[in-house]
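Residue-level structural notes
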Amino acid sequence: MSEILPWITLVVCASAALARLPSAVRGVNPTLFLIFLLATAAGILSIEQFYMAIDGALGGINIAHVLLRLIVFATIYLIAVRVTKGFGAPDAHRMISGRPGLAMLAIFTAALVTVFLLMEPAASSVRFREAGAVSARNEALLPYYWAAARGYLAYVSLALLPALLRSVRESLPPLVRTGAALMAAGAVATVAGLCLEFAPLQLLVVAPAVNNGAVVFYTSGLVLVWMARVKAANRGGHGTSSTGR
Amino acid sequence: MPLPAKAFQRWLHGVAPDASVADVARASGVKRTTLAQQLVRGKVAEATVVAISRAFNMNPVAALGSFEPYWDLGKPPIPPTLQELVSQIATADLLHAIIARTEPDAGTGNGTGTDKGTAPPGLGPPPHATSVKNWVDAIDDGELRHRVSAATGVAPQNYSAQLTANRLAPELAVATSRAAGVGLASGLVAAGLVTEAEAGWPPDARQAALDGMTDGELTALAGERLQALGKALRRQEHDQRQTETIWENLG
């Protein structure tokens, strides 16, 4: 079961990227394409076969995993910047791309890389799962690695959540509100993903579903908001719904 | 609440004993599929009865009155109040009237279109863009919304939402009239279901009500209307801007 989840996530992200390609070529919000592209790259690195091949090319000591985590940082950062701008949340925007936000990004990135460097090199294993077995030091450090990896995502998600929930209640096109609701679900799942790192072992079985769910929710939320614009544009007047009625 | 199909069939049999569903649809302009669907579901819309009664030269208000939920529509109509009449004049027509009254040579009587081109054009027929809300405001004693809500079981916020959207279900329109003690068909006029003539309003009643207003009353009313309109437009523009920002960043 948990083997198929990353594939589903990859298909969702790759389809979104592919569908967004024409708009990117026309120069319409290329960031959105970049977001889907980065999510696709992260999806690829989450699948065992691809991971082993790519990490092998990078030396076979799980550098690909650090790369994956940094790609995920970049993806959520870009999503958050777009969402806070689009949904008009200047406070949340500052918390993400203002001085405090960038400081958080720097701290978590530095922590992630430092913890990784402190660990003894371990042979390639997807999701970094065998790194703890190498030595006692690695086993002790691994929770810190994951805390850094998921901590930034949770921070950004928490900053986004109020703006997303507010947008769900506002008088916006239904598809936009549904999209905001899906992204809010993604934010909740992301925070839950961090909590699960510290949860008792029995709960760990749901972790893959929660973490993949977060990606799928965020991605499909973005796609829905985009669809809302396509729908509005089809009704005439480039996304400007008529004020006459 | 739409009308039960059984009662509708009985009524239709009385109106057009030999007509088939297709005949009725053709004569009334109601789509045949719509009519068939309403019959299958057992719920016929009031608008269907109105369209059919017009096609067979019956008064739609009287026709609705032959159904149990609307039995009191069959009683002799109560004439509309002045406030109700004025509420069914479009804001633009009110403004035209103000302009016509302030024209330098408008002093000679209430111009009925005889002198020059300065007289206002005839009033547009109801409903206008804010007919429903203006009508309810015109007959509201402050407690009306609560009484309607209590009588119909419709939540106040849903009732308000209809007023804001300039919609009013026929059942609610009549319930509002009952609760306010005004003519029962007035709400149907404001909701656009029947015409003012069909509701038994005298032909020039609205114009007469308008002419009877003093300059002060007219100007104050137009001012209220403009203020409400301005508020609605600003909200619309705000929503519009917000949507644009979303498209710019996420579309």
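Everything quoted here is computed from the prediction, not taken from an experiment. (Residues numbered from 1 in each chain as written. Chains lettered and ligands numbered in written order. Predicted model: local features only at pLDDT ≥ 70, side-chain atom pairs only at ≥ 80, totals over all residues. Heavy atoms only, no water.)

**Regarding the layout of surface pockets**
All names here are of chain A. Condition: Every definition here rests on a 1 Å grid over the protein atoms only: cavities are sets of points where a 1.4 Å probe fits but cannot get out, pockets are open sets enclosed by protein on both sides within 12 Å along at least five of seven lines, and lining residues have some atom within 4 Å of a point. Grid points are joined across faces, edges and corners, and a volume is the space filled by probe spheres set on the points. Each helix corresponds to a stretch of at least 4 residues labelled H or I by DSSP, and each strand to a stretch of at least 2 residues labelled E; elements are numbered beginning at the N terminus. Amino acid classes used here: Ala, Val, Leu, Ile, Met, Phe, Trp, Tyr, Cys and Pro are nonpolar; Asp, Glu, Lys and Arg are charged; the rest, including Gly, are polar.
Its volume calculated, the second largest pocket comes out at about 1,200 Å³. R69, R127, W146, R150 and N211 are, among the 40 residues lining the second largest pocket, the residues nearest its centre. Of all the secondary-structure elements, those providing two or more residues to the lining of the second largest pocket are α1 (5-26), α2 (30-45), α4 (63-86), α7 (136-169), α8 (174-196) and α9 (207-234). For the lining of the second largest pocket, the element with the most residues is α9, which contributes 9 residues. Partitioning the lining of the second largest pocket into residue classes produces 25 nonpolar, 10 polar and 5 charged.

**Some remarks on the confidence of the model for chain B**
Residues and elements named next belong to chain B. Rule in force here: The predictor attaches a confidence to each residue, called pLDDT, with possible values from 0 through 100. We call two residues contacting when some pair of their heavy atoms lies within 4.5 Å.
Looking at chain B, the pLDDT average stands at 90 and 93% of residues meet or exceed 70. Considering each helix and strand of chain B separately, the mean pLDDT is smallest for helix α2 (residues 21-28), with a value of 90, and largest for helix α8 (residues 131-139), with 96. Here residues 109-117 is modelled with pLDDT under 50, and outside its nearest four sequence neighbours on either side it reaches 5 contacts, counting other chains as well.

**A word on unusual backbone geometry**
Note: most residues except glycine have negative phi, and most peptide bonds are trans. At the junction of P126 of chain B and P127 of chain B, the peptide bond is cis and its omega measures out at 0 degrees in the coordinates. Tracing the sequence through the fold places P127 of chain B in the loop between α7 (91-102) and α8. Positive phi, close to 70 degrees, is recorded for N62 of chain A, a residue that is not glycine. In this structure, N62 of chain A sits in the loop between α3 (48-57) and α4. Its identity as a non-glycine residue notwithstanding, R127 of chain A has a phi of 55 degrees, on the positive side.

**Quick notes on the domain arrangement of chain B**
Residue and element names in this part refer to chain B. Note the threshold: Domain boundaries shown here were taken from an automatic or database domain assignment. By salt bridge we mean one thing: a side-chain nitrogen of Lys or Arg within 4 Å of a carboxyl oxygen of Asp or Glu. Identification of polar contacts relies on pairs of N or O atoms within 3.5 Å, with a donor-acceptor requirement for protein atoms, meaning one able to donate a hydrogen and the other able to accept it, and with residues adjacent in sequence counted only if both atoms are side-chain atoms.
Along its sequence, chain B is carved into domain 1 (3-74) and domain 2 (82-211). Facing the 12 residues of domain 1 at the interface are 12 residues of domain 2. Across the contact surface, domain 1 and domain 2 share 2 salt bridges. Across the salt bridge formed by R178 and D72, the nearest N and O atoms sit 2.7 Å from each other. At the boundary of domain 1 and domain 2, one finds 6 residue pairs in polar contact (both at pLDDT 80 or more). The biggest single contributor to the side of domain 1 that touches domain 2 is helix α4 (residues 46-55), with 4 residues.

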